[in-house]
Amino acid sequence: MIRIIGVLLEALGPTIQRAIRGDQQARERLKNILPQTYHSTLERALDEAAADAKFGTP
Amino acid sequence: MSESRLVKSCLVVLALAAVGCGHGAEGAARTTLATGARVVVELDRANAARMAETRAADLEAAETREAFDATRAPYWRVEEAIRAADGILRASEAVLDATGMEGLRAIAGCTLQAIGHLVDAAEAAGIRAPPEVQTVLGFLAATADDECTRGES
C-alpha cells in the first residue's frame, strides 16, 4: 500500500513541480485529480512554494 | 371488530407512523449533510479562486516572509476550517449510517461548530457562504443534544 502511494506520488511529482513554477495547465490537471474540497489546500501549497522562491526556504 | 383486533390495528398504524417519522428525520438529516457538503465544496472553490487571484500581488507587496504569511493567513484559516468541516461531515454521515439519528444527535453539536467556524473564517477572508448554509446550521442546532465540548478541558 505504502509502495503504491509512493509510486503515485512519484508519478504526480513532475506535475506538482510544474504547478509550483506557475504552469496553469499543470495546476488545472491537479485540481481535476484532487477531491473537490482540496483546492484550497493545493493553493496553500502554491503559496508556500511561491514564498520559498522569493524569500528562501524557512 | 373485536377489541384485540382494534388494538392490533392501532399498533400497526402507530408502528408505521413511527417508521415514517424515523425515515423522515433521517432523510432530512441526509439532505442536510449533503447540503453541508455542497457548501464546503463551494467555499473551497471560492477560497481557492481568491487565493490564486491575489497571490502574485500579495507576494509582490510583501517585503518579508512574515508579512506574506500574515497577508495570506485568512485564506489559510479557511483552508484549515474546510479540512475540519469536510472531516466531520464525513464522520456525521458514517455515524448516521451506523447508529441513526441517536448517534447524529450526539455529534451534531460538533458538526455545527465546525461549519460555524468555516463560515466565520470565510467571512473574515471576504468570502460569503451560500445562503443554504443557514438551513444546515438551523437543522444541526435543532438536532444537537448538547454543545460540542470535545477537545476542551
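Residues numbered from 1 in each chain as written. Chains lettered and ligands numbered in written order. Predicted model: local features only at pLDDT ≥ 70, side-chain atom pairs only at ≥ 80, totals over all residues.

Student: Could you give an account of the overall build of chain B, with specific residues and numbers?
Tutor: Broken down by element type, chain B carries four helices and zero strands. Partitioning the intrachain contacts of chain B with sequence separation of at least 6 by distance along the chain shows that 78% fall at a separation of at least 24. (Helix = DSSP H or I, 4+ residues; strand = E, 2+ residues; numbered from the N terminus. Contact = placed C-beta atoms within 7 Å.)

Student: I'd like a description of the overall build of chain A, backed by residues and values.
Tutor: The helix and strand inventory of chain A stands at three helices and zero strands. Each helix and strand of chain A, placed in order from N terminus to C terminus, yields the pattern α-α-α. With the principal axes as the frame, chain A shows a C-alpha extent of 35 × 25 × 20 Å.

Student: Run through the packing of helix H3 (residues 101–124) of chain B against helix H4 (residues 133–143) of chain B, naming residues and quoting values.
Tutor: Residues and elements named next belong to chain B. Taken N-terminus to C-terminus, the directions of H3 and H4 make an angle of 145 degrees; their axes are 8 Å apart at the nearest point. The element H3 and its partner H4 pack so that their crossing is left-handed. Facing Leu104, Arg105, Ala108, Thr111, Leu112, Ile115, Gly116 and Val119 of H3, the residues of H4 in contact are Val133, Val136, Leu137, Leu140, Ala141 and Thr143. Taken together, the residues of the contact of H3 with H4 sort by class into 10 nonpolar, three polar and one charged. (Axes fitted to C-alpha atoms, helices over the stretch in contact; angles between N-to-C directions. Left-handed = near helix turned anticlockwise from the far one by under 90°. Nonpolar A, V, L, I, M, F, W, Y, C, P; charged D, E, K, R; others polar.)

Student: Mind laying out the interface of chain B and chain A, listing which residues take part and the relevant values?
Tutor: Accessible area lost when the parts come together is the quantity often used to give the size of an interface. Contacts between the two partners involve 18 residues from chain B and, on the opposite side, 14 residues from chain A. Elements represented by at least two residues in the side of chain B that touches chain A include exactly helix H1 (3–61) and helix H2 (65–99) of chain B. Residues belonging to the side of chain B that touches chain A are distributed by class as follows: 10 nonpolar, one polar and seven charged.

Student: Residue-level account of H3(B), with values.
Tutor: Residues and elements named next belong to chain B. In a regular helix each residue adds 1.5 Å, so 24 residues correspond to 34 Å; H3 covers 33 Å between its end C-alpha atoms and thus fits that length. The axis of H3 is deflected most strongly, by about 45 degrees, at isoleucine 107. Turning to H3, its buried residues are Leu104, Ile107, Ala108, Cys110, Thr111, Leu112, Ala114, Ile115, Leu118, Val119, Ala121 and Ala122. Two residues or fewer after H3 comes glycine 126, characterised by a positive phi angle close to 85 degrees. (Expected span 1.5 Å × (residues − 1). Bend = angle between axes of the 7 residues up to and from the residue. Buried ≥ 20, exposed ≤ 12 C-beta atoms within 10 Å, placed from the backbone.)

Student: How would you explain the nonpolar core if you had to name every residue and give the values?
Tutor: With 34 residues, the main nonpolar core has Leu43(B), Val78(B), Ala85(B), Ile115(B), Leu118(B) and Ala122(B) as its most contacted residues. Broken down by secondary-structure element, the contributors of at least two residues to this core are H1, H2, H3 and H4 of chain B. Element by element, the count of residues in this core is highest for H3(B), at 11 residues. With residues up to four places along the chain from it excluded, the contact list for Val78(B) reads Ser40(A), Leu43(B), Asn47(B), Ala121(B), Ala122(B), Ala125(B) and Ile127(B). (Core = buried A, V, L, I, M, F, W, Y, C linked by C-beta atoms within 7 Å.)

Student: Kindly report on the confidence of the model for chain B, identifying the contributing residues and their values.
Tutor: All names here are of chain B. Taken over all residues, the pLDDT of chain B has a mean of 87, while the share at 70 or more is 82%. Ignoring residues within four places in sequence, the model shows residues 6–21, a span with pLDDT below 50, making one contact including any to other chains. The ipTM, which scores confidence in the relative placement of chains, is 0.82 for this predicted complex, and the corresponding pTM is 0.82. (pLDDT = per-residue confidence, 0-100.)

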